[in-house]
Amino acid sequence: MINGGPVAINQADQTVPAILEAFYPGSLGGLAVADVLFGNYNPGGKLPFTVFKDTSDMSPIEDYQMIPDDTHTGRTYRYYTGDNVLYKFGYGLSYTTFKYSGLTISPPRSGCGEVRVEVDVTNTGDVAGDEVVQVYVTAPDQQGPSLSLQAFKRLHLHPGDMQRISLIFLLSNVAHN
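These numbers come from a predicted model, not from an experiment.

Colleague: What is the right way to look at a nonpolar patch on the surface in this model?
Modeller: A contiguous nonpolar surface patch, about 200 Å² in accessible area, is contributed by Met1, Val16 and Ile19. Turning to its location among the elements, Val16 is positioned in the loop between α1 (10–15) and α2 (29–37). On the basis of relative accessibility, which here comes to 38%, the residue Val16 falls in the partly exposed class.

Colleague: Before we go on, may I ask you to explain the nonpolar core in this structure?
Modeller: Proteins that are soluble and globular tend to have nonpolar side chains buried together. One finds Val121, Val133, Val135, Leu155, Ile165, Leu167 and Phe169 to be the most contacted residues of the largest nonpolar core, which totals 15 residues. If sequence neighbours within four positions are ignored, Leu167 has contacts with Val115, Arg116, Val117, Val133, Val135, Ala151, Phe152 and Lys153. Grouped together as the second largest cluster of nonpolar side chains are 6 residues, Leu47, Val51, Leu86 and Tyr87 included.

Colleague: What am I meant to see in the packing of aromatic side chains here?
Modeller: Any aromatic ring pair is given by two values, namely how distant the centres are and how the planes are angled relative to each other. Counting across every chain of the model gives 3 aromatic pairs. Both rings, one in Phe23 and one in Phe49, keep their centres 5.6 Å apart while their planes meet at 85 degrees; by these two values the pair is edge-to-face. Here the residue Phe23 occupies a position in the loop between α1 and α2, and Phe49 occupies one in the loop between α2 and β1 (51–52), the gap between them amounting to 26 residues. Judged by relative accessible area, Phe23 falls into the partly exposed class, the value being 25%.

Colleague: Explain the sheet that holds strand β7 (residues 162–170) here, please?
Modeller: The strands making up a sheet are joined through hydrogen bonds of the backbone, oriented either antiparallel or parallel. Overall, antiparallel pairing links the 3 strands, which are arranged β3-β4-β7 in an open sheet. Edge positions in the sheet fall to β3 (98–106) and β7, since each of these pairs with one other strand and no more. Strand-to-strand twist in this sheet, taken as the mean axis angle between neighbours without regard to direction, amounts to 20 degrees. Looking at chain direction, β3 and strand β4 (residues 114–123) are connected through 7 bridges and run antiparallel. Residue pairing in the sheet places Ile105 in a bridge with Val117 of β4.

What counts as what
- Every chain begins its residue count from 1, and numbering advances along the sequence as written.
- Confidence filtering applies because this is a predicted model: local features only for residues at pLDDT of at least 70, side-chain atom pairs given and counted only at 80 or more, and all residues used for totals across whole chains, interfaces and linings.
- With hydrogens and water excluded, all non-hydrogen atoms of the structure serve as input to the side-chain values.
- Two joining distances apply to patches: 9 Å for like charges and 5 Å for nonpolar side chains (Val, Leu, Ile, Met, Phe, Trp, Tyr), and every residue must have over 30% relative accessible area and no salt bridge.
- Note that accessible areas follow from Shrake-Rupley with a 1.4 Å probe, and for residues the cover is restricted to the protein chains shown.
- Salt bridge criterion: a side-chain nitrogen from Lys or Arg within 4 Å of a carboxyl oxygen from Asp or Glu.
- Under the DSSP-based scheme used, a helix requires at least four consecutive residues in state H or I and a strand at least two consecutive residues in state E, with every element numbered from the N terminus.
- When a residue's accessible area, from a 1.4 Å probe over protein chains only, is under 20% of the maximum for its type it is buried; when over 50% it is exposed; and in between it is partly exposed.
- We define the nonpolar core as a collection of buried residues of types Ala, Val, Leu, Ile, Met, Phe, Trp, Tyr and Cys that are connected through side-chain atoms lying within 4.5 Å of one another.
- Should any heavy atoms of two residues lie within 4.5 Å, those residues are counted as being in contact.
- Under the pairing criterion, centres of Phe, Tyr and Trp rings, with the six-membered ring standing for Trp, must be within 6.5 Å; the plane angle then separates stacked pairs below 30 degrees from edge-to-face pairs above 60, leaving the rest tilted.
- By this definition, two strands are paired if DSSP reports at least two bridges between them.
- For every element, the axis is a line fit to its C-alpha atoms; helices are fit only across the contacting stretch, and the angle between N-to-C directions ranges from 0 to 180 degrees.

Right, here's the structure in full:
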């Protein structure tokens with residue numbers, strides 16, 4: 001697909017084995033799409049928006065009310081509270097598979113509020129590929145987003161390779177999102 005934002009793709013989702021989202025691919029986009037389709041490049045991107053199951057769950061494009069209230073459902077993955085989602089923000093596939101293990105979360109160090117998240121990522125598939133590890137935080141006892149992307153890191157792994165990665169975020173960013 002080539003487009004600039006969320007679209008209704010329920011029929012395609014039910015009838016085709018895969019969907020490749022190219023967004024605005026630029027002048028060399030056709031070559032890039034061909035490389036992915038013929039297996040010369042293994043995609044590893046993640047969606048920068050939520051794809052809803054029903055267009056009635058999408059706010060009108062001219063409605064910029066991000067935070068939900070009595071008349072708005074809320075926009076973006078951070079505020080949408082419904083469950084009528086086909087593909088969530090941050091979703092993406094690859095020609096390979098990855099396994100996450102050994103998750104550790106270090107409590108904030110006093111004075112700086114840094115939280116360290118570490119995890120082992122293993123390529124369990126048959127081809128090399130990129131994975132984007134994402135850390136989402138929820139702060140249910142405060143007003144604000146119900147979910148917030150706080151850190152991410154892209155890595156490239158060959159089949160069977162494992163890498164331990166570390167992601168750091170500040171608690172103050174969670175409170176001010």
